[in-house]
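So the chains spell out like this:
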Amino acid sequence: MSYVIATEERPALPVRGSNDLFPVRRVYCVGRNYAAHVLEMGHDLKEPPFFFQKNPDSLLASGGEFPYPSKTNNVHFEMELVVALGKGGKDIDQKNALEHIYGYAVGLDMTRRDLQGEMKKLGRPWEIGKSFDHAAPCSEIVSASECGHPNKGRIWLTVNGETRQDSDLDKMIWNIPETIEYLSGLFTLAPGDLIFTGTPEGVGPVVAGDQMHGGVDGVGEIKISVV
Ligand code: MN
């Protein structure tokens, strides 16, 4: 049997210290997971975090050039810690959640903020604000056996050398085990799934020519040029 159109290889991220790749299945993202970011977006802290997805083929592996997207005049960066699952499951208890993690990366949840805002106002899905070509720059993966399971550590982003985001993983509203427990209650998780764990405060726009440099201490860094 053969396919009637050409098939594509699964999107993948390099794994630090090896020639191996981490194949990506789905990209989940947590929204509003740092209190100061919830407030800067004008929302209420009483609402719990929530999830959305990006298309896996919107990954920009290892950063590099991020083409300014179409139909927007307000593209924002959101620096995030990324969890890479090595094991899947349903209704995973937070007590066992860390066993499901292969490793970690750092990524950006690039957002067409103007389109997202229009969709919010209309009560429509955020899709066009969040899931577009190259919308998910992501660094190489570092295995948990190498970096451990970070639950604190500086998360930061500079634009053209100027610090724009600077916070700590310990400010997450839902920590990683809680996130996996909640998410696995909604979806059956599988090896290859990534979870972008939300961004701290300081989000803002970039324009063509800008250089972004972000990282999470103890996990990794990423560099992106907006072109
Ligand atoms: Mn985000």
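To be clear, the structure that these remarks concern was listed above.
Counting of residues starts from 1 at the beginning of each chain's written sequence and follows it residue by residue. The predicted origin of the model limits local features to residues at a pLDDT of at least 70 and limits the giving and counting of side-chain atom pairs to 80 or more, whereas totals for whole chains, interfaces and linings rest on all residues. Side-chain calculation: all heavy atoms of the structure are included, whereas hydrogens and water are not.

Peer 1: Sorry if this is basic, but what is going on with the side chain of R113 here?
Peer 2: Segments assigned H or I by DSSP are reported as helices when at least four residues long, segments assigned E as strands when at least two residues long, and all are numbered from the N terminus. Checked against the element boundaries, R113 lands in helix α2 (residues 113-122). Burial classes follow relative accessibility: with a 1.4 Å probe on protein chains only, a residue under 20% of its type's maximum area counts as buried, one over 50% as exposed, and anything between as partly exposed. Judged by relative accessible area, which is 10%, R113 ranks as buried. We define a polar contact as two N or O atoms separated by no more than 3.5 Å, with the added condition that, inside protein, one atom must be a possible hydrogen donor and the other a possible acceptor, whereas residues neighbouring each other in sequence contribute only through side-chain atom pairs. Within polar-contact distance, the side chain of R113 engages the side chain of E78 at 2.8 Å. In this description, contact between two residues means that some pair of their heavy atoms is separated by no more than 4.5 Å. Residue contacts for R113: discarding those within four places in its chain leaves H37, M41, N74, H76, E78, K130 and V203.

Peer 1: Please explain empty space enclosed by the protein as it appears in this structure.
Peer 2: Summary: where empty space remains is shown by rolling a probe the size of a single water molecule over the atoms. Cavity: a set of points on a 1 Å grid over the protein atoms alone where a 1.4 Å probe fits but cannot get out. Pocket: an open set with protein on both sides within 12 Å along at least five of seven lines, its lining residues, like those of a cavity, having an atom within 4 Å of a point. Grid points are joined across faces, edges and corners, and a volume is the space filled by probe spheres set on the points. Applying the stated rule across the entire model yields one cavity of 30 Å³ or more. Estimated volume of the largest cavity: approximately 110 Å³. Taken together, 19 residues form the lining of the largest cavity, with R32, H37, E78, W126 and K130 sitting closest to its centre. Broken down by element, the lining of the largest cavity gets its largest block of residues, three residues, from α2. In the scheme used here, Gly and all other residues not listed as nonpolar or charged are polar, with Ala, Val, Leu, Ile, Met, Phe, Trp, Tyr, Cys and Pro taken as nonpolar and Asp, Glu, Lys and Arg as charged. Taken together, the residues of the lining of the largest cavity break down into five nonpolar, seven polar and seven charged.

Peer 1: Looking at this structure, I do not really get the packing of aromatic side chains. What am I missing?
Peer 2: Working definition: a ring pair exists when centres of Phe, Tyr or Trp rings (six-membered ring for Trp) sit within 6.5 Å. Plane angles under 30 degrees give stacked, over 60 give edge-to-face, the rest tilted. Applying the stated criterion across every chain yields a total of seven aromatic pairs. Between W174 and Y182, the ring centres sit 4.7 Å apart and the planes meet at 40 degrees, which makes this aromatic pair tilted. Given a relative accessible area of 14%, W174 falls into the buried group. On the basis of relative accessibility, which here comes to 40%, the residue Y182 falls in the partly exposed class.

Peer 1: Explanation requested: the coordination of the manganese ion in the structure shown.
Peer 2: Under perfect tetrahedral coordination by four donors, a metal shows angles of 109.5 degrees; under perfect octahedral coordination by six donors, it shows angles of 90 or 180 degrees. Those donors, E78 (OE), E80 (OE) and D109 (OD), are the protein atoms that reach the manganese ion, and they lie 2.1 Å from it. Ligating atoms shown are N, O and S within 2.8 Å of the metal, or 3.2 Å for Na, K and Ca, and water is not included, meaning a site may look less than complete. Between the donor residues of the manganese ion, the gaps in sequence give the motif E-x1-E-x28-D. Here E80 is found in strand β8 (residues 79-85), whereas its partner D109 is found in the loop between β9 (101-108) and β10 (111-112), with 29 residues between them in sequence. The exposure class assigned to E80 is buried, which follows from its relative accessible area of 0%.

Peer 1: What am I meant to see in the sheet that holds β10 here?
Peer 2: Spatially, three strands are ordered β10-β7-β16 in an open sheet, and the strand pairing comes out antiparallel. If you trace the sheet from one side to the other, it starts and ends with β10 and β16 (204-206), each paired once. Strand pairing follows a simple DSSP-based rule, namely that at least 2 bridges must link the two strands. Pairing of strand β7 (residues 75-77) with β16, which is carried by three bridges, proceeds in the antiparallel orientation. Across the sheet, F77 pairs through a bridge with G204, a residue of β16.

Peer 1: Please clarify how helix α5 (residues 176-186) should be interpreted in this entry.
Peer 2: Residue pairs three or four apart in sequence face the same way in an α-helix, which turns once every 3.6 residues. Along α5, the residues classified as buried are I176, P177, T179, I180, L183 and S184. Down the axis of α5, the sector holding all buried residues measures 155 degrees, keeping them to one side. For α5, the side-chain oxygen to backbone nitrogen distance between the N-cap and E178 is 2.9 Å, and the N-cap itself is N175. The arc refers to the directions leading from the helix axis to the C-beta atoms.

Peer 1: Even after reading the chapter, I still don't get unusual backbone geometry, so can you show me in this structure?
Peer 2: Positive phi, normally seen in glycine, also occurs at R32, with a value near 55 degrees. Looking at where R32 falls in the secondary structure, it is placed in the loop between β3 (27-31) and α1 (35-40). R32 gets classed as buried once you look at its relative accessible area, which sits at 14%.

Peer 1: Would you mind showing me how to read the nonpolar core here?
Peer 2: It is characteristic of soluble globular proteins that their nonpolar side chains tend to be buried jointly. Only buried residues count toward a nonpolar core. Its members are Ala, Val, Leu, Ile, Met, Phe, Trp, Tyr and Cys residues joined through side-chain atoms within 4.5 Å. Ranked by internal contacts, the top residues of the largest apolar core, which has 42 residues, are Y104, L108, M110, I180 and M212. Those residues within four positions of I180 in sequence are excluded, and the remaining contacts are L85, I92, A97, I101, L189 and I195. If you look at the next biggest cluster of nonpolar residues, it comprises 17 residues, including L13, V24, C29 and C138.

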